[in-house]
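For reference, the chains in residue letters:
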There are 2 protein chains.
Amino acid sequence: MAESMNGLKRTHRCGELSIANAGETVTIMGWVQKNRNKGGLVFIDVRDRSGIIQVVFEEGSTDAALIEKAARLRSEYVIAIAGTVSKRSGAVNENLATGEIEVIPTELRILSEAETPPFPIEENSKTKEELRLKYRYLDLRRPDLQRNLLLRSRVATLTRQFLSEEGFLEIETPILGKSTPEGARDYLVPSRVHPGQFYGLPQSPQLFKQLLMCSGCDRYFQIAKCFRDEDLRADRQPEFTQIDMELSFVDVDDVIDVNERLLAKLFKDVLGVEVALPIPRMTWQEAMDRYGSDKPDTRFGMELTDVTEVVKDCEFVVFKGAIENGGTVRGINAKGQGGMARKKIDKLVDFAKGFGAKGLAYIAIQEDGNVKSSFAKFMTEAQMNALIRAMNGEAGDLLLFAADKNKVVWDVLGSLRLELARQMELLNKDEYKFLWITEFPLLEWSEEQNRYVAMHHPFTMPMEEDLNYLESDPGRVRAKAYDITLNGNEIGGGSVRIFQDDVQERMFEALGFTKEQAQEQFGFLLDAFKYGVPPHAGLAYGLDRLVMLMAKEDSIRDVMAFPKVKDASCLMTAAPNLVDTKQLDELGLALKEEDLV
Amino acid sequence: MAESMNGLKRTHRCGELSIANAGETVTIMGWVQKNRNKGGLVFIDVRDRSGIIQVVFEEGSTDAALIEKAARLRSEYVIAIAGTVSKRSGAVNENLATGEIEVIPTELRILSEAETPPFPIEENSKTKEELRLKYRYLDLRRPDLQRNLLLRSRVATLTRQFLSEEGFLEIETPILGKSTPEGARDYLVPSRVHPGQFYGLPQSPQLFKQLLMCSGCDRYFQIAKCFRDEDLRADRQPEFTQIDMELSFVDVDDVIDVNERLLAKLFKDVLGVEVALPIPRMTWQEAMDRYGSDKPDTRFGMELTDVTEVVKDCEFVVFKGAIENGGTVRGINAKGQGGMARKKIDKLVDFAKGFGAKGLAYIAIQEDGNVKSSFAKFMTEAQMNALIRAMNGEAGDLLLFAADKNKVVWDVLGSLRLELARQMELLNKDEYKFLWITEFPLLEWSEEQNRYVAMHHPFTMPMEEDLNYLESDPGRVRAKAYDITLNGNEIGGGSVRIFQDDVQERMFEALGFTKEQAQEQFGFLLDAFKYGVPPHAGLAYGLDRLVMLMAKEDSIRDVMAFPKVKDASCLMTAAPNLVDTKQLDELGLALKEEDLV
């Protein structure tokens, strides 16, 4: 039977007590973490959000009935304790923030009993994630997840505080929005008032924030829920959260400036990490050439080297063929890996094939200077030496080469570089390397759709010096777009937006939209632009991923209170679920026959 | 053609300039509010979020080409002006915060031209709301809506700041949730991965926040989007925003304490209004008896008087019949309205009938002491005098009576009281009267469902002293529930929650739930309660309504950036809309034939 709290008022959270409170009468409330009986003593560890404190029931000094009651306590019972804070009679517990003290109880109430939980409430749980997610309310009791929720809350609060001080207004945009066919798949919400019609849940507040700029709001931000009905990967969720912002009367540098100061504040205040400003910038082209990635992890080197010129006359058909097809040959140098076992190298080759490589050529330079290579026989000694020299190859190095179209080469070597860094343990989670990537291509060719598609979105401003190529050589046009990356992760991105009718029209043409299509999908934005629109630009962060990196977790599920699993279901509530036919009738909907099982 | 901003950087917002900036070189950017030509002078009023400033182009001193360009400017063009701040040569404009100064331009760029907007951008627009909502991006340029968005942003920011300081964590709960049949109608989201199954959009984060208390989060808050698929009234929207909170190890007084301080801070910091604490409390019973409402407007008196005892022996069948049927007779005294025209009184009778009254009895006491009454002929003079005395009737008063079941009497007189206050202009928008309503009934009888339903929700804690009546006399049980009201509006409400298995079971029984039904709908919460649950309580505000009252607006649409209209559509984006059959196919859905028009 649960006892009542009446007459008791919590005075402190457990972890708030310290030796400074010695002698004070306090009331704490929380969960039983541990109950130990030892020679007439009962030790109860009480846990709440703030930490753990030990309560000691001692025969002789504590009332006998109280001791008996304490002895009955089991893990996860919720209790209230009134008592006195005392310096520990026993040894100080160095593992506990409150390890110098204990509470000598005068009253114990059992507020709620508890069954044995399906897994222990402890840090770094070994329990299968599936079980933990089913009992998420228990999982969230674990101190690591509690810390993550606290960290996330602090990041959100500090972000809001900073942006408010910078003149941004937080403005809520609709969740029940308009569905558009462009981009990822929308979640749909059937309308009851308009049967046969649907709302779309927003993939981002993009159009609304641009409209707010047309409205003269000047600086907008929102920590906004966004939705994408796509198949989930490790760091994807059907609903996710963006720190979304938009600014009027600004250019690239202004957006970068305010965001650098925001990031510096967050990392300083939350993690105590100093971010040196300005954050380095790199063009997209340089990032691809040096790292094979538009979100390079710059905590380590192992940069790509273009050796096309060096090998262009060799007889190795893989190199030759790639170059003749307009591709390149590039390599990376895995320092000190020259002695790698053949089996392990073969695994790297398989890894590379997973990223589209037809193969992977290598030169393993032994410690004695001898060379093992998959393609030495097709090369002259001079060619080999020139290649090794171009790669700065030294005794003990492993040189790996990919030869293909640029896109494939970058992808393969960029991924291989990261894989090797993992194997070589070059990735330090305590190091935070930020990097801006700028001057992205405006458009990329979609083989699937047989047309150019917007790399960022159709409202991204082309760079003025490239504007002339929009019709003649669209692939060459660079955009005023920028991503902010951290340790090889894109944590945010944005762009300056087109604010001129004529440029927007040319952009739609480049994307193969007819005027009618553009009008149907984005008519209200194009209309808005007729009535005076300020130059504007914006940026959005993936909050989940940012917090994940700050918390040094590997999954965004660990920084969300109630995440969904791969099939987009919630293991705790069992959503989605079946609903009454009556509800579907009201919406004018029917299930297709194959679903009626 | 749009000119570029390049080379210019905004130094100030328009309204930030003052006489203190005189002599400074500045660059402002904004919208042309007005363009006046007068004797060789061109005056341009430039508007941005912060206000308006006048720019003066003068023949002789300003470059001729610039003057010519300025003369071409039309309303809502977006321009950049570089120039010097100067004390006005002409008269000070008292209507303008920047009225003492003007800008003498050296450069003018037209960043964006504008067509003539469909309605003027001005305060207190007379334009039909429908047209304004279609062009919401223009409507939002109006200073009153800009102020409302700013106010809303400040309320949200201050709320977050306050609650963070009080130890609350902001935690996001899912939007894609589980649909439950209890309560209002859910918006549904079809699942693609699980065809035939649906998510429900949350009507509130109620279950999740209680689970967070089970998780030991201790204090949670969220400014949360909520959804209800109900037919809209003036102050309802399909999606709305709650300031939602939940606290562990607390009772009613703790929740009230923290919320009183929150409200006092908001009203002080945003409006400069001092809220005297503690805010008065009134039980539900007293509120109904005195004001006929559970959200009484206490800015004025005109309280209800129960005259059942006084009239119980009279021959007036309306009174007699009501009393015999277990009802009551109550009246209100509209001071000074005794001379009201018969026609106007008839309108009040119609008004009362709209709230379920069969009629409305009245006594109009003329200034000369004569009495006009609809029922005097059924009363003795002594009875009349006693009734007038009971009502504190004086010369010039209008006494109005309703006789029926209590529920009807309260509803009629409560509404009539407000209607009279409007007519008598007793409602002062500058006055803010807060009032807590406590001790609500736990259950109310639903004629429709022929069972008791929860007045608040099924997790509301009964008052301990009434627990014994839960089976024997359920209607009598009061709840640990509370509403906070402001000027006759419920702005928030909450309750202490049941945290004991056995009480929760009895509650479900009282509601007529079978164990299976309870388990199916709320199983995960009941499961969570098995593993140690702290006493907890919470409260949620309707943010839209709160901001509406603070902004002195009459519609929540005026404090939302992009509201929907009565049929739940967005006039600007035309959502909801038709979608591709392919999208429905993916969801395993078909439209019913009648929709295929």
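Residues numbered from 1 in each chain as written. Chains lettered and ligands numbered in written order. Predicted model: local features only at pLDDT ≥ 70, side-chain atom pairs only at ≥ 80, totals over all residues. Heavy atoms only, no water.

Per an unreviewed UniProt entry, the recorded name for chain A is Aspartate--tRNA(Asp/Asn) ligase, and the organism is Clostridium scindens. In the Function (unreviewed entry) part of its UniProt record, chain A is described as follows: "Aspartyl-tRNA synthetase with relaxed tRNA specificity since it is able to aspartylate not only its cognate tRNA(Asp) but also tRNA(Asn). Reaction proceeds in two steps: L-aspartate is first activated by ATP to form Asp-AMP and then transferred to the acceptor end of tRNA(Asp/Asn)." (UniProt positions renumbered as here; feature names shortened; annotations may be inferred.)

Enquirer: Is there a simple way to explain the overall build of chain A in this structure?
Expert: The helix and strand tally for chain A stands at 17 helices and 23 strands. By residue count, 58% of the 597 residues in chain A fall in the buried class. The contacts of chain A with a sequence gap of at least 6 include a subset with a gap of at least 24, amounting to 67%. On chain A, roughly 24,800 Å² of surface is accessible, and the fraction owed to carbon and sulfur atoms is 47%. Within chain A, the 95 negative side-chain charges are centred at a point lying 4 Å from the centre of the 75 positive side-chain charges. (Helix = DSSP H or I, 4+ residues; strand = E, 2+ residues; numbered from the N terminus. Buried < 20%, exposed > 50% of the residue type's maximum accessible area, 1.4 Å probe, protein only. Contact = heavy atoms within 4.5 Å. Areas by Shrake-Rupley, 256 points an atom, 1.4 Å probe, with all protein chains shown as cover. Lys, Arg positive; Asp, Glu negative; His and termini not counted. Charge placed at Lys NZ, Arg CZ, Asp CG, Glu CD.)

Enquirer: I would appreciate a short explanation of the relation of the copies chain B and chain A in the present structure.
Expert: One chain copy maps onto the other through a rotation about an axis and a shift parallel to that axis. At an RMSD of 0.1 Å, chain B and chain A line up after a rotation of 180° and a shift of 0.0 Å along the axis. In the structure described here, the two chain copies are related by an operation that fits a two-fold rotation axis. Both copies present the same face, since 100% of the interface residues in chain B are matched by interface residues at the equivalent positions in chain A. (Least-squares fit on C-alpha atoms with pLDDT ≥ 70 in both.)

Enquirer: Can you help me understand the interface of chain B and chain A in this one?
Expert: On the side of chain A, 125 residues touch chain B, which itself brings 124 residues to the contact. Counting each side, the surface lost to burial between chain B and chain A is near 11,000 Å², with a carbon and sulfur contribution of 57%. Our enumeration of links across chain B and chain A arrives at 18 salt bridges. Here A:Asp585 and B:Lys592 are joined by a salt bridge, their closest N and O atoms 2.7 Å apart. Scanning the region where chain B abuts chain A turns up 65 residue pairs in polar contact (both at pLDDT 80 or more). Counting residues per element, the side of chain B that touches chain A draws most heavily on helix H4 (residues 143–165) of chain B, which supplies eight residues. In terms of residue class, the side of chain B that touches chain A is built from 62 nonpolar, 27 polar and 35 charged. (Buried area = accessible area lost by both parts, 1.4 Å probe. Salt bridge = Lys/Arg side-chain N within 4 Å of Asp/Glu carboxyl O. Polar contact = N/O pair within 3.5 Å; in protein donor to acceptor, adjacent residues only side chain to side chain. Nonpolar A, V, L, I, M, F, W, Y, C, P; charged D, E, K, R; others polar.)

Enquirer: What's the story with the pairing of strand E17 (residues 434–438) of chain B in this structure? I'm lost.
Expert: Residues and elements named next belong to chain B. Within E17, five of the five residues are buried, leaving the element largely enclosed by the surrounding structure. In this structure, strand E11 (residues 281–283) lies alongside E17, joined through three bridges in parallel fashion. From the neighbouring strand, Met282 faces E17, where its bridge partner is Ile437. Relative to strand E20 (residues 481–486), E17 runs antiparallel, the two sharing five bridges. Across the sheet, the residue bridging to Ile437 is Asp483, located in E20. (Pairing = 2+ DSSP bridges.)

Enquirer: Help me out: how do you make sense of the UniProt feature "site: Important for tRNA non-discrimination" (unreviewed entry) in chain A in this one?
Expert: All names here are of chain A. The UniProt feature table records "site: Important for tRNA non-discrimination" (unreviewed entry) at Gly90. Within the element layout of this structure, Gly90 appears in the loop between strand E4 (78–87) and strand E5 (101–112). The exposure class assigned to Gly90 is partly exposed, which follows from its relative accessible area of 46%.

Enquirer: Any chance you could explain the sheet that holds strand E12 (residues 305–306) of chain B here in plain terms?
Expert: Each strand in a sheet pairs with its neighbour through backbone hydrogen bonds, running either in the same direction (parallel) or in the opposite one (antiparallel). Residues and elements named next belong to chain B. Read across the sheet, five strands follow the order E12-E13-E16-E14-E15 without closing on themselves; strand pairing throughout is antiparallel. Strand pairing shows two members of the sheet lacking a second neighbour, E12 and strand E15 (371–373), which therefore form its edges. Inspection of the sheet shows strand E13 (residues 328–334) paired to strand E16 (residues 398–404) by seven bridges, in the antiparallel sense. Within E16, the position partnered with Val329 by the bridge is Ala403.

Enquirer: Even after reading the chapter, I still don't get the sheet that holds strand E6 (residues 169–170) of chain A, so can you show me in this structure?
Expert: Residue and element names in this part refer to chain A. Taken together, eight strands build an open sheet; the order of strands is E6-E9-E10-E22-E21-E20-E17-E11 and the sheet is mixed. Two strands bound the open sheet, and with one partner strand each, they are E6 and strand E11 (281–283). Sitting on the sheet, helix H4 (residues 143–165) is in contact with E6, strand E9 (219–227) and strand E10 (239–248), with an inclination near 150° to E9. Contacts between helix H6 (residues 252–271) and the sheet are confined to E10, E11, strand E17 (434–438), strand E20 (481–486), strand E21 (489–496) and strand E22 (536–542), with E22 contributing the most and set at about 30° to the helix. (Axes fitted to C-alpha atoms, helices over the stretch in contact; angles between N-to-C directions.)

Enquirer: When you look at the domain arrangement of chain A in this model, what are you seeing that I'm missing?
Expert: Buried accessible area, meaning the area lost when the parts come together, often serves as the stated size of an interface. Taken domain by domain, chain A holds domain 1 (14–112), domain 2 (170–281 + 434–539) and domain 3 (300–423). Look at where the C-alpha atoms of domain 1 of chain A and domain 2 of chain A centre, and you get two points 54 Å apart. (Domains from an automatic or database assignment.)

Enquirer: Where do I start with helix H1 (residues 64–72) of chain B in this structure?
Expert: A turn of α-helix holds 3.6 residues, and therefore any two residues three or four places apart point the same way. Residues and elements named next belong to chain B. Along H1, the positions that sit buried rather than exposed are Leu66, Ile67, Lys69 and Ala70. Around the axis of H1, the buried residues are gathered within 160° of arc, so they sit on the same side. For H1, the exposed residues lying more than 90 degrees away from the buried face are Ala64, Glu68 and Arg72. Turning to H1, the residues buried within the fold contact strand E1 (25–38), strand E2 (41–48), strand E3 (51–58) and strand E5 (101–112). Looking at where H1 begins, the residue whose side-chain oxygen comes 3.3 Å from the main-chain nitrogen of Ala65 is Asp63. (Arc of directions from axis to C-beta.)

Enquirer: Hey, could you run me through the nonpolar core in this one?
Expert: What tends to happen in soluble globular proteins is that the nonpolar side chains get buried as a cluster. By size, the foremost hydrophobic cluster in this structure holds 148 residues, and its most contacted members are B:Phe267, B:Leu420 and B:Phe434. Here this core takes 10 residues from helix H6 (residues 252–271) of chain B, the largest share from any one element. If near-sequence neighbours (up to four positions away) are discounted, B:Leu420 is found in contact with B:Met302, B:Ile332, B:Ala334, B:Met340, B:Leu348 and B:Leu400. Ranked by size, the runner-up nonpolar core spans 128 residues in total, among them A:Leu470, A:Tyr482, A:Leu543 and B:Leu149. (Core = buried A, V, L, I, M, F, W, Y, C linked by side-chain atoms within 4.5 Å.)

Enquirer: Teacher, can you tell me more about the packing of H4(A) against helix H16 (residues 543–550) of chain A here?
Expert: How two helices pack is summed up by the angle between their axes together with the distance between the axes. Residue and element names in this part refer to chain A. At their nearest, the axes of H4 and H16 sit 10 Å apart, and the two run at 120° to each other. With respect to their mutual orientation, H4 and H16 come out oblique. Every pair of crossing elements has a handedness; the one defined by H4 and H16 is right-handed. Along the contact surface, H4 presents Leu151, Arg152 and Val155, while H16 presents Leu543, Asp544, Leu546, Val547 and Met550. (Parallel < 35°, antiparallel > 145°, perpendicular 65-115°, else oblique. Left-handed = near helix turned anticlockwise from the far one by under 90°.)

Enquirer: Would you mind going over the pairing of strand E14 (residues 361–365) of chain A with me for this structure?
Expert: If a strand is regular, its side chains alternate between the two faces of the sheet. Residue and element names in this part refer to chain A. Among the five residues that make up E14, five are buried, leaving the element largely enclosed by the rest of the structure. Sheet topology note: the E14/strand E16 (residues 398–404) ladder contains four bridges and is antiparallel. When the bridges of E16 are listed, Tyr362 appears paired with Leu400. Where E14 lies against strand E15 (residues 371–373), three bridges are found, and the strand directions are antiparallel. Note that in E15 the partner of Ile363 across the bridge is Ser373. A loop of five residues connects E14 with E15, the two strands running antiparallel in sequence, and Gly369 in this loop sits at a positive phi of about 95°.

Enquirer: Explanation requested: the packing of helix H7 (residues 284–291) of chain A against helix H12 (residues 406–423) of chain A in the structure shown.
Expert: Residue and element names in this part refer to chain A. The geometry of H7 relative to H12 is characterised by a closest axis approach of 8 Å and an angle of 65° between their N-to-C directions. By the angle between their axes, H7 is roughly perpendicular relative to H12. Note on element contacts: H12 touches H7 through Trp410, Gly414 and Arg417, opposite Trp284, Gln285, Met288, Asp289 and Tyr291. Partitioned by chemical class, the residues of the contact of H7 with H12 number four nonpolar, two polar and two charged.

Enquirer: Can you walk me through the packing of aromatic side chains in this structure?
Expert: By convention here, two paired aromatic rings are described through the distance between centres and the angle between planes. Inspection of every chain in the model, using the stated rule, returns 44 aromatic pairs over all chains. Plain terms: the ring middles of A:Phe316 and A:Phe375 are 5.1 Å apart, the flat faces sit at 10° to each other, and that makes the pair stacked. Here A:Phe375 lies in the loop between E15 and helix H11 (381–390) and A:Phe316 lies in the loop between helix H8 (308–311) and helix H9 (317–324), a separation of 59 residues in the sequence. The class for A:Phe375 is buried, based on a relative accessible area of 0%. Centroid distance B:Trp445 to B:Tyr452: 5.0 Å. Interplanar angle 85°. Geometry classified as edge-to-face. Among the aromatic residues, those joined into a ring-pair cluster are A:Phe316, A:Phe319, A:Phe375, A:Phe378 and A:Phe401. The aromatic ring of A:Phe300 is capped on one face by A:Arg417, whose charged end is 4.0 Å from the ring centroid. (Phe/Tyr/Trp six-rings, centres within 6.5 Å; stacked < 30°, edge-to-face > 60°. Lys NZ or Arg CZ within 6 Å of the ring centre and 35° of its normal.)

Enquirer: I'm lost on the UniProt feature "binding site: L-aspartate" (unreviewed entry) in chain A in this one. Help?
Expert: All names here are of chain A. Taking the numbering used here, the UniProt-annotated feature "binding site: L-aspartate" (unreviewed entry) corresponds to Glu182, Arg228, His456 and Arg497. Maximum C-alpha separation among the annotated residues is 22.8 Å over a sequence range of 316 residues, too wide for a single clustered spot. Apart from residues no more than four positions distant in its own chain, Glu182 is found in contact with Arg451, Phe513, Gln521 and Phe522. Looking at where Arg497 falls in the secondary structure, it is placed in the loop between E21 and helix H14 (501–510). Here Arg497 falls in the buried class, since its relative accessible area comes to 1%. Looking at Arg497, its side chain comes within polar contact range of the side chain of His457, at 3.2 Å.

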